[in-house]
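Chain residues, written in single-letter form:
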Amino acid sequence: MKRLLLVVLTSGWLAACSTVPEPVTHSEVDDRAIAAQQQRLEQREQWRLKGQMALFDLREDNRHGVYVDWFSSASTLSMRFSHPLRGTLARLHQQDGLAVLTDEDGREFRAESAEQLLLEYFQMDLPITVINSIVMGKQLPGMIDTHYQLRQHEQQQLALLSDFVMIAADQLWRAQLRDYTMVDGTFMPHSIDLTTDAWRLKLKVSTWSF
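Residues numbered from 1 in each chain as written. Predicted model: local features only at pLDDT ≥ 70, side-chain atom pairs only at ≥ 80, totals over all residues. Heavy atoms only, no water.

(A) Structural context of the nonpolar core. Ranked by internal contacts, the top residues of the largest apolar core, which has 59 residues, are Leu49, Met53, Trp70, Met79, Leu203 and Trp208. Among the elements that make up this core, the one with the highest residue count is strand β9 (residues 156-168) (7 residues). Setting aside chain neighbours within four positions, we find Trp208 in contact with Trp47, Arg48, Leu49, Val135, Met136, Val183, Met188, Pro189 and His190. (Core = buried A, V, L, I, M, F, W, Y, C linked by side-chain atoms within 4.5 Å. Buried < 20%, exposed > 50% of the residue type's maximum accessible area, 1.4 Å probe, protein only. Helix = DSSP H or I, 4+ residues; strand = E, 2+ residues; numbered from the N terminus. Contact = heavy atoms within 4.5 Å.)

As structure tokens, then:
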């Protein structure tokens, strides 16, 4: 049932990112710079990203990779997983209290949420709804040990979420967000690395759109 993630990932895009300024701690950042960036993100009511995703099952020492086309709005979460030769491997869609995953053979799996669906059918305890916000660089309640990258834009200082620790799905998650670039007036991360004792998720974004 894990055909969703059966493509072995090449290692090239997992290489270390280019050197960036050392992130600074929350105590070193003006709260107005944090708020300024977060306000820009809140204005993005819907977004779409395309890129490559790798999921490492650290308990079983397995790694899997896919291309992902990810759409999010206030009411909808949609993810298409694919391979350049095999085409679509699976689609995950969540809306109005129903999550549906359709695999490459057309079989459907349903649950009330994406988290519940992945846990029940694929034994993946991944907090997709939380990750859906994290990939944007949003700051969420419960984040601690936060660090930021400082950028200037239009004579305003912005603090971009760079590192943090938080508990989600009863797991302690450690995160790094890197490779921020400007997309239609908003700095967006293009490299996201999330790790627990059980899982590691790496996302390399090729394009963001709003």
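(B) Representation of the pattern of salt bridges. On inspection of all chains with the given rule, the structure shows 14 salt bridges. Glu104 serves as the salt-bridge partner of Arg86, at 3.0 Å between the closest nitrogen and oxygen. Taken together, the positions of Arg86 in the loop between β4 (76-83) and β5 (87-95) and Glu104 in the loop between β6 (98-103) and β7 (108-111) put the pair 18 residues apart, joining distant regions of the chain. Under the relative-accessibility criterion, Arg86 is labelled partly exposed at 41%. A relative accessible area of 29% means that Glu104 is categorised as partly exposed. Bridged by salt links that share partners, the residues Asp57, Arg59 and Asp125 form one connected network. (Salt bridge = Lys/Arg side-chain N within 4 Å of Asp/Glu carboxyl O.)

(C) Looking closely at the packing of aromatic side chains. What the rule picks out here adds up to 4 aromatic pairs. A ring pair is formed by Phe109 and Phe122, whose centres lie 5.8 Å apart and whose planes are at 70°; its orientation type is edge-to-face. Remark: Phe122 occurs in helix α2 (residues 114-122) and Phe109 occurs in strand β7; sequence separation between them is 13 residues. Comparing Phe109 with Phe122 shows no difference in burial state: the two are buried. (Phe/Tyr/Trp six-rings, centres within 6.5 Å; stacked < 30°, edge-to-face > 60°.)

(D) View of α2. Listing the buried residues of α2 in full gives Ala114, Leu117, Leu118 and Phe122. Summarising the axial view, the buried residues of α2 lie within an arc of 95°, below the 170-degree limit, and thus occupy one face. Following α2 by one or two positions, Gln123 adopts a phi angle in the positive range, close to 55°. (Arc of directions from axis to C-beta.)

(E) A look at the side chain of Gln38. Checked against the element boundaries, Gln38 lands in helix α1 (residues 31-42). On the basis of relative accessible area, Gln38 is assigned to the buried category, the value being 12%. Excluding anything up to four places from it in sequence, Gln38 contacts Gly137, Lys138 and Gln139.

(F) Structural detail: the sheet that holds strand β10 (residues 171-178). Reading across the sheet, the 12 strands line up as β1-β8-β9-β10-β13-β14-β2-β3-β4-β5-β6-β7 and stay open at both edges, with antiparallel pairing between neighbours. Two strands close off the open sheet at either side, each with one partner strand: β1 (24-25) and β7. Two elements, β10 and strand β13 (residues 191-195), share 5 bridges in a ladder whose sense is antiparallel. Looking across to β13, one finds that Ala175 is bridged to Leu194. The strands touched by α1 are β8 (144-153) and β9; relative to β9, the strand with the most contacts, the crossing angle is about 80°. The strands touched by α2 are β5, β6 and β7; relative to β7, the strand with the most contacts, the crossing angle is about 125°. (Pairing = 2+ DSSP bridges. Axes fitted to C-alpha atoms, helices over the stretch in contact; angles between N-to-C directions.)

(G) Structural context of α1. With 12 residues, α1 extends 16 Å from end C-alpha to end C-alpha; this agrees with the ideal 16 Å at 1.5 Å per step. Among the residues of α1, Ala33, Ile34, Ala36, Gln37, Gln38, Arg40 and Leu41 are the ones counted as buried. Looking at the packing, one finds that the buried side of α1 touches β8, β9 and β12 (186-188). (Expected span 1.5 Å × (residues − 1).)

(H) Inspection of the environment of Leu41 at higher detail. Its place among the elements puts Leu41 in helix α1. A relative accessible area of 0% places Leu41 in the buried class. Taking the C-alpha atoms as reference, Leu41 lies 7.4 Å from Met136; in sequence the two are 95 residues apart.

(I) The pairing of β10, seen in detail. Note that β9 and β10 share 6 bridges and pair antiparallel. Bridging across to β10, Phe164 finds its partner in Ala175.

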